[in-house]
2 protein chains.
Amino acid sequence: MGAEDRFVELLRASLRSDESLLLGPGDDAAVIDRAAGPLVASTDTLVEGVDFLPGEDPKRLGRRAVSVGLSDLAAVGAWPEFFLLTIGFPETAGEDFPLALALAAAERAGEFGAVLAGGDLSRAAEVFLSTAIWGRPTGEVLKRSGARPGDSVFLSGWPGDAAAGLAVARARAGAEPPRGDGAWTPESLSPADETALLAAYRDPEPRLPLGRALASEGLATAAIDLSDGLGVDAGRLARASGVRLLIEVESLPLSPALLSFARLAGRDPVEMALAGGDDYELLFTVPASESGRFADPPAEWGVAVRRIGRVEAGAGAFLEEARGLRPIDRLGYDHF
Amino acid sequence: MGAEDRFVELLRASLRSDESLLLGPGDDAAVIDRAAGPLVASTDTLVEGVDFLPGEDPKRLGRRAVSVGLSDLAAVGAWPEFFLLTIGFPETAGEDFPLALALAAAERAGEFGAVLAGGDLSRAAEVFLSTAIWGRPTGEVLKRSGARPGDSVFLSGWPGDAAAGLAVARARAGAEPPRGDGAWTPESLSPADETALLAAYRDPEPRLPLGRALASEGLATAAIDLSDGLGVDAGRLARASGVRLLIEVESLPLSPALLSFARLAGRDPVEMALAGGDDYELLFTVPASESGRFADPPAEWGVAVRRIGRVEAGAGAFLEEARGLRPIDRLGYDHF
């Protein structure tokens, strides 16, 4: 038996079974019993040197790949059922690498009731991971295109924390020297701030309960998850909806940890919040009639949700500052 | 608008619509209306330098990625409905690269009625492609595990042609010198043989009609598609079924083009047929009661189907030669 077949046998022995999984990992395709209803499907990819640092721990990678994939389902208000996992890796990663990664991915998905149904392994010069996840809507599907003038703009969590966490991880790996005007070294951050920022980058939380509430209770007119940066993703929502989206600078939530990091490193925290990327928070628009629902968000959402701006007639995404409007829809990551 | 968003707009403008695709490329997830019934899902990956040569034409790559993915569905007797496409590519590939690739992939899938529902783009040092394809069974799902002693072993097409085609493509790209005892150069092959071998490698045909016939008419007890080599894949089917699989050397189909190539290049055509990989043909087992069905295969299957051996009690996959049995279940590609 080759190493690939050993991998499949070890994986099968470790995965929990699921009665609707009629044929699981190890055959040419997975077969899943499924009742009628919309299928929500999404795929997401993490690439070494682009989305994570070389030498990253496989357990952390597997967990993060699933979280990032689940974030897409959260954005449309769906709940996951099954997923497929592709792992590309170099021989030097070792035979245990894909198994540790796949088991961590399966465990993370299991926290939301989703099951690993199959996947693919490939040799590659650099590590890459791809998930294909599918599930069901929990209500009316949330699209990017439903925002209307008069809506308020809401955001979960702390934008920019993940970008700061990446900078900390880079510095810890010796890859990014202190920069800016500050005298920053990783050691100058408090342990609590470092932990918070690293967690935001390495271990994002898919906002599935929030997405479910928005969809099942009809609270939002449009939604998107922040993967490439608040600025560019706000621009996408605005363009899809044919509206202008204004983010009010004084309402932009900046975490204490981000403010500490920015002060030490001589960076602009607003810029990091707008352009950082990797946030995996939900940006969504809410009609006036539903705004009251967000005054006291239920604990089950698992995250703070704040009003950060408003929707107007027009086009583009802007930061509203005392000195005027600044276009932000190019602030973020472009995969080209 | 960034390059990634331009890509999505151009793609959407070029894709055909489908009434069951409620939300297509450009949002966070695809939403597909779907009746009840088993979902068959599979994912497959092609990596530059591993599965294809650097500099490969994006149209050819997109087409091949889909064909290879569809082959998995053929192996279980399913018919495709939708797919997701992930493209990793370096900046040097250019902005047109992913669009040409995605459109070719969508066109290829469309030949079988399948629709591009979404995907993901990522920067990467090397090109890689991943498809996640799903569909429905056309009858009882074909597994690897159903072969029984007394069954005959059948194979579609010409094993080894794709491996010879890869050698020709490499030589044409200047990457592989003539080798073995022969005085082989690409020019010494007849144009017809070169065309046939290159096509087998570059443009495999997913055996969906054959898989459908096997599943819907209940003709096969087990099936697998040949991706890593006849030897290793025969070994996988034997192990999953708990049987011994014998391939009779005199029944192994060797194409005229492969024989010409092997003679010129001083290579063993049987070895190439057993270990070559990338065949994407179906290997399947047939009970005695159904063997007659294969005497005169219908034209709609689109490929020759031949009996190449038999199933016995025991374990492993072997080539039966005049001098005895040779184990073949390690002959092929291991992705570790």
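Read on for an overview of the structure. (Residues numbered from 1 in each chain as written. Chains lettered and ligands numbered in written order. Predicted model: local features only at pLDDT ≥ 70, side-chain atom pairs only at ≥ 80, totals over all residues. Heavy atoms only, no water.)

When you go through chain A residue by residue, the secondary structure sums to 9 helices and 13 strands. A globule of 336 residues ought to have a C-alpha radius of gyration of about 20 Å, and chain A, at 21 Å, matches this closely. The burial tally for chain A puts 60% of its 336 residues in the buried class. If you take every contact in chain A between residues at least 6 apart in sequence, the share linking residues at least 24 apart comes to 83%. Accessible surface, chain A as shown: approximately 12,100 Å² in total, 50% of it carbon and sulfur. Measuring between centres, the 32 positive side-chain charges of chain A sit 4 Å from its 51 negative side-chain charges. (Helix = DSSP H or I, 4+ residues; strand = E, 2+ residues; numbered from the N terminus. Rg over C-alpha atoms; globule rule 2.2 N^0.38 Å. Buried < 20%, exposed > 50% of the residue type's maximum accessible area, 1.4 Å probe, protein only. Contact = heavy atoms within 4.5 Å. Areas by Shrake-Rupley, 256 points an atom, 1.4 Å probe, with all protein chains shown as cover. Lys, Arg positive; Asp, Glu negative; His and termini not counted. Charge placed at Lys NZ, Arg CZ, Asp CG, Glu CD.)

Residues and elements named next belong to chain A. Helix length check: helix α4 (residues 161-172), at 12 residues, gives a terminal C-alpha distance of 16 Å against a target of 16 Å (1.5 Å per residue), a fit within 8%. Where α4 is concerned, the buried positions are D161, A162, A163, A164, G165, L166, A167, V168, A169 and A171. The secondary structure elements touched by the buried residues of α4 are α5 (191-202), α8 (256-265) and α9 (269-275). Once α4 ends, the next one or two residues include G174, with phi positive near 80 degrees. (Expected span 1.5 Å × (residues − 1).)

It is worth spelling out the pairing of strand β11 (residues 305-312) of chain A at this point. All names here are of chain A. Here 5 bridges tie strand β7 (residues 152-156) to β11, and the two strands are oriented antiparallel to one another. Across the sheet, the residue bridging to F154 is R307, located in β11. Taken together, the 4 bridges between strand β9 (residues 244-248) and β11 define a ladder with antiparallel strand orientation. When the sheet's bridge partners are listed, L245 is paired in β11 with V311. (Pairing = 2+ DSSP bridges.)

Residues and elements named next belong to chain A. A positive phi angle is found at Y280, which is not glycine, with a value near 55 degrees. Within the secondary structure, Y280 sits in the loop between α9 and β10 (282-286). Under the relative-accessibility criterion, Y280 is labelled buried at 6%.

Let's shift gears to the sheet that holds strand β4 (residues 78-89) of chain A. Strand pairing within a sheet occurs via backbone hydrogen bonds; the two strands may be parallel or antiparallel. Read across the sheet, 6 strands follow the order β5(A)-β4(A)-β6(A)-β3(A)-β2(B)-β1(B) without closing on themselves; strand pairing throughout is mixed. Whereas interior strands pair on both sides, the edge strands pair on one side only; in this sheet they are β5 (115-123) of chain A together with β1 (21-23) of chain B. Adjacent strand axes in the sheet meet at a mean angle of 25 degrees, parallel and antiparallel pairs treated alike. As paired elements, β4 of chain A and β5 of chain A share 8 bridges and run parallel to each other. Looking at β5 of chain A, one finds that T86 of chain A is bridged to D120 of chain A. In the packing of helix α3 (residues 96-110) of chain A onto the sheet, the strands contacted are β4, β5 and β6 (128-137) of chain A, and the crossing angle to β4 of chain A comes to about 170 degrees. (Axes fitted to C-alpha atoms, helices over the stretch in contact; angles between N-to-C directions.)

With that settled, consider the packing of aromatic side chains. Here the distance between the centres and the angle between the planes together describe a pair of aromatic rings. For the structure on display, the rule yields 15 aromatic pairs over all chains. With 5.6 Å between their ring centres and 50 degrees between their planes, F294 of chain B and W301 of chain B make a pair best called tilted. Pair check on accessibility: F294 of chain B and W301 of chain B agree, each one buried. Over the aromatic face of W158 of chain A sits the side chain of R306 of chain A, whose NZ or CZ is 4.0 Å from the ring centroid. Over the aromatic face of Y201 of chain B sits the side chain of R64 of chain B, whose NZ or CZ is 4.7 Å from the ring centroid. (Phe/Tyr/Trp six-rings, centres within 6.5 Å; stacked < 30°, edge-to-face > 60°. Lys NZ or Arg CZ within 6 Å of the ring centre and 35° of its normal.)

What follows covers the interface of chain B and chain A. Listed as interface residues are 67 residues of chain B and, on the opposing side, 67 residues of chain A. Note on chain B versus chain A: buried area summed over both sides is about 5,600 Å², and carbon and sulfur give 55% of it. Taken together, the links from chain B to chain A amount to 12 salt bridges. In this structure, the salt-bridge partner of R144 of chain A is D28 of chain B, at a minimum N-O distance of 3.0 Å. On inspection of chain B and its partner chain A, the count reaches 22 residue pairs in polar contact (both at pLDDT 80 or more). (Buried area = accessible area lost by both parts, 1.4 Å probe. Salt bridge = Lys/Arg side-chain N within 4 Å of Asp/Glu carboxyl O. Polar contact = N/O pair within 3.5 Å; in protein donor to acceptor, adjacent residues only side chain to side chain.)

A word on the nonpolar core. Ranked by size, the top nonpolar core spans 98 residues in total, and within it I87, L214, I247, F261, L283, F284 and F294 of chain B carry the most contacts. In terms of residues, this core owes the most to one element, helix α4 (residues 161-172) of chain B, which gives 8 residues. For I87 of chain B, the contacting residues outside a window of four places in its chain are F97, P98, L101, A102, D120, L121, S122, F128 and L129 of chain B. Judged by nonpolar contacts, the second largest core, of 73 residues, contains F7, L99, I133 and F261 of chain A. (Core = buried A, V, L, I, M, F, W, Y, C linked by side-chain atoms within 4.5 Å.)

Looking now at the pattern of salt bridges. Tallying each qualifying case throughout the model produces 58 salt bridges over all chains. A salt bridge links R236 of chain B to E4 of chain A; the nearest nitrogen and oxygen atoms lie 3.5 Å apart. A residue pair is termed interchain when its members come from two chains, as with R236 of chain B in helix α7 (residues 230-241) and E4 of chain A in helix α1 (residues 3-14).

Another aspect to go through is the side chain of S152 of chain B. Residues and elements named next belong to chain B. The topology assignment puts S152 in strand β7 (residues 152-156). Assessed through its relative accessible area of 10%, S152 is described here as buried. Only 3.4 Å separates the side chain of S152 from the side chain of R307, close enough to count as a polar contact. Sequence-distant contacts of S152, that is, excluding residues within four places in its chain, are made with F284, T285, V286, S291, R307, G309 and R310.

Here we come to the environment of R310 of chain A. Residue and element names in this part refer to chain A. With respect to the secondary-structure elements, R310 resides in strand β11. The spacing of R310 and V127 is 183 residues in sequence and 41 Å in space, taken between C-alpha atoms. Leave out the neighbours within four places in its chain, and R310 touches D151, S152, V153, R244, L245, L246, E248 and E320. Engagement of the side chain of R310 in a polar contact is seen with the side chain of E248, the distance being 2.8 Å.

Attention now moves to the relation of the copies chain B and chain A. Its rotation angle being 180 degrees, the transformation that places chain B on chain A also includes 0.0 Å of axial translation and leaves an RMSD of 0.0 Å. Read as a symmetry element, the transformation amounts to a two-fold axis. The rotation axis passes nearest to the C-alpha of A36 of chain B in chain B, at a distance of 1.8 Å. Comparing interface residues between copies, 100% of those in chain B also lie at the interface in chain A; the contact surface is shared. (Least-squares fit on C-alpha atoms with pLDDT ≥ 70 in both.)

The sheet built from 6 strands is open, its strands ordered β1(A)-β2(A)-β3(B)-β6(B)-β4(B)-β5(B) with mixed pairing. Sheet topology places β1 (21-23) of chain A together with β5 (115-123) of chain B at the edges, where each strand pairs with a single neighbour. Across the sheet, the axes of successive neighbouring strands diverge by a mean angle of 25 degrees, strand direction being ignored. With respect to the sheet, helix α2 (residues 58-75) of chain B is in contact with β3 (39-47), β4 (78-89) and β6 (128-137) of chain B, its orientation differing from that of β6 of chain B by roughly 40 degrees.

Before going further, it helps to examine the pairing of β7 of chain A. All names here are of chain A. Counting buried positions along β7 gives 5 out of 5 residues, so the element sits mostly inside the fold. Residues S152, F154 and S156 line one face of β7 and the alternating positions V153 and L155 line the opposite face, and both faces are buried. Alignment of β7 against β10, held across 4 bridges, turns out to be antiparallel. What sits directly across from S152, in β10, is V286.

This part is about the environment of L53 of chain B. With respect to the helices and strands, L53 of chain B occurs in the loop between β3 and α2. Considered as a pair, L53 of chain B and F261 of chain B are 208 residues apart in the sequence and their alpha carbons are 20 Å apart.

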